[in-house]
Amino acid sequence: MKSDKKLTLWEAYLTKEIGIEFKACLYFFAFLFFYCVFRMLGGIFDASILHMTEMIFTCYFIGYLQVYVFWNFDEADSLGAKEIVGMVVCTILYCVVSWLGKWFDRNVIATLIFSAYVLLVYFCVFLIYKSKRRIDDKKLNEELRLFQTQHKKSE
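Only a predicted model underlies this, so the values are computations on that prediction, with no experimental measurement involved.

A word on the packing of helix α3 (residues 81-100) against helix α4 (residues 108-154)
Each pair of packed helices can be summarised by the angle the axes make with each other and by the distance between the axes.
Part 1 of the argument: Interaxial distance between α3 and α4 falls to 10 Å at its minimum, and their mutual angle equals 140 degrees. What the angle tells us is that α3 and α4 run oblique. The element α3 and its partner α4 pack so that their crossing is right-handed. Between α3 and α4, the residues in contact are M87, V88, C90, T91, Y94, C95, S98 and W99 and V108, T111, F114, S115, V118, L119, Y122, F123 and F126, respectively.
Part 2 of the argument: Split by residue class, the contact of α3 with α4 holds 13 nonpolar, 4 polar and no charged.

Put into structure tokens, the structure is as follows:
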């Protein structure tokens, strides 16, 4: 009989897929915000559906790369050389797609600022995941302490 305590292959896969979905939405929102600010600064108050479609597909594609190729760097315990390489490669990919798709009208300065923004977003997401793990650890330790206390009382 199979233990319910171990993750099945399906559950492990599903966990990764949910993480990719979350990343795609998070990064899409952040990059759409930058895109909209760029447009508004240029006096344009509407957004291209084509650009938004390219952005979300790019976020999904790069989300898969992050998880399956680049060690899920934004969820790492610390930022080492391989995590930074992952961040830089993914940032370059975002900038190449933004350039080819003319998200920022092939404006070199806007694209350079976007690249810095992408790196900042990656760093902030890294800090958020790190904080979440620390909070989850505290909660689990507290629950374990309560369980142990209750278990001793019942003996």
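Text resumes after the structure shown.
A short note on α3
Part 1 of the argument: Its 20 residues give α3 an end-to-end C-alpha distance of 28 Å, which sits within 8% of 28 Å, the value for a rise of 1.5 Å per residue.
Part 2 of the argument: Among all positions of α3, only E83, G86, M87, C90, T91, Y94, C95 and S98 are buried. One face of α3 carries all of its buried residues, which in axial projection span an arc of 165 degrees. Exposed residues lying more than 90 degrees from the buried face of α3 are A81 and L100.
Part 3 of the argument: Of the residues one or two after α3, K102 is the one with positive phi, at around 60 degrees.

Topic: the pattern of salt bridges
Part 1 of the argument: On inspection of all chains with the given rule, the structure shows 6 salt bridges.
Part 2 of the argument: D77 serves as the salt-bridge partner of R133, at 3.3 Å between the closest nitrogen and oxygen. Of this pair, R133 sits in helix α4 while D77 sits in the loop between α2 (49-68) and α3; the two residues are 56 residues apart in sequence, bridging distant segments of the chain.
Part 3 of the argument: On the basis of relative accessible area, R133 is assigned to the partly exposed category, the value being 25%.
Part 4 of the argument: Linking R145 and E142 is a salt bridge whose minimum nitrogen-to-oxygen distance equals 2.5 Å. Here E142 and R145 lie together in helix α4, a separation of 3 residues that amounts to about one turn.

Let's talk about the side chain of T91
Part 1 of the argument: Its place among the elements puts T91 in helix α3.
Part 2 of the argument: In contact with T91, not counting residues within four places along its chain, are S115, V118, L119 and Y122.

Describing the packing of α2 against α3
Part 1 of the argument: With their axes 11 Å apart at the nearest point, α2 and α3 run at an angle of 160 degrees to one another. In terms of axis orientation, α2 runs roughly antiparallel to α3. Between α2 and α3 lies a crossing of right-handed hand. In this structure, α2 uses T58, C59, I62, L65 and Q66 to contact α3, whose residues at the interface are C90, L93, Y94 and V97.
Part 2 of the argument: Of the residues in the contact of α2 with α3, the class split is 7 nonpolar, 2 polar and no charged.

What counts as what
- Residues numbered from 1 in each chain as written.
- Predicted model: local features only at pLDDT ≥ 70, side-chain atom pairs only at ≥ 80, totals over all residues.
- Heavy atoms only, no water.
- Axes fitted to C-alpha atoms, helices over the stretch in contact; angles between N-to-C directions.
- Helix = DSSP H or I, 4+ residues; strand = E, 2+ residues; numbered from the N terminus.
- Parallel < 35°, antiparallel > 145°, perpendicular 65-115°, else oblique.
- Left-handed = near helix turned anticlockwise from the far one by under 90°.
- Contact = heavy atoms within 4.5 Å.
- Nonpolar A, V, L, I, M, F, W, Y, C, P; charged D, E, K, R; others polar.
- Expected span 1.5 Å × (residues − 1).
- Buried < 20%, exposed > 50% of the residue type's maximum accessible area, 1.4 Å probe, protein only.
- Arc of directions from axis to C-beta.
- Salt bridge = Lys/Arg side-chain N within 4 Å of Asp/Glu carboxyl O.

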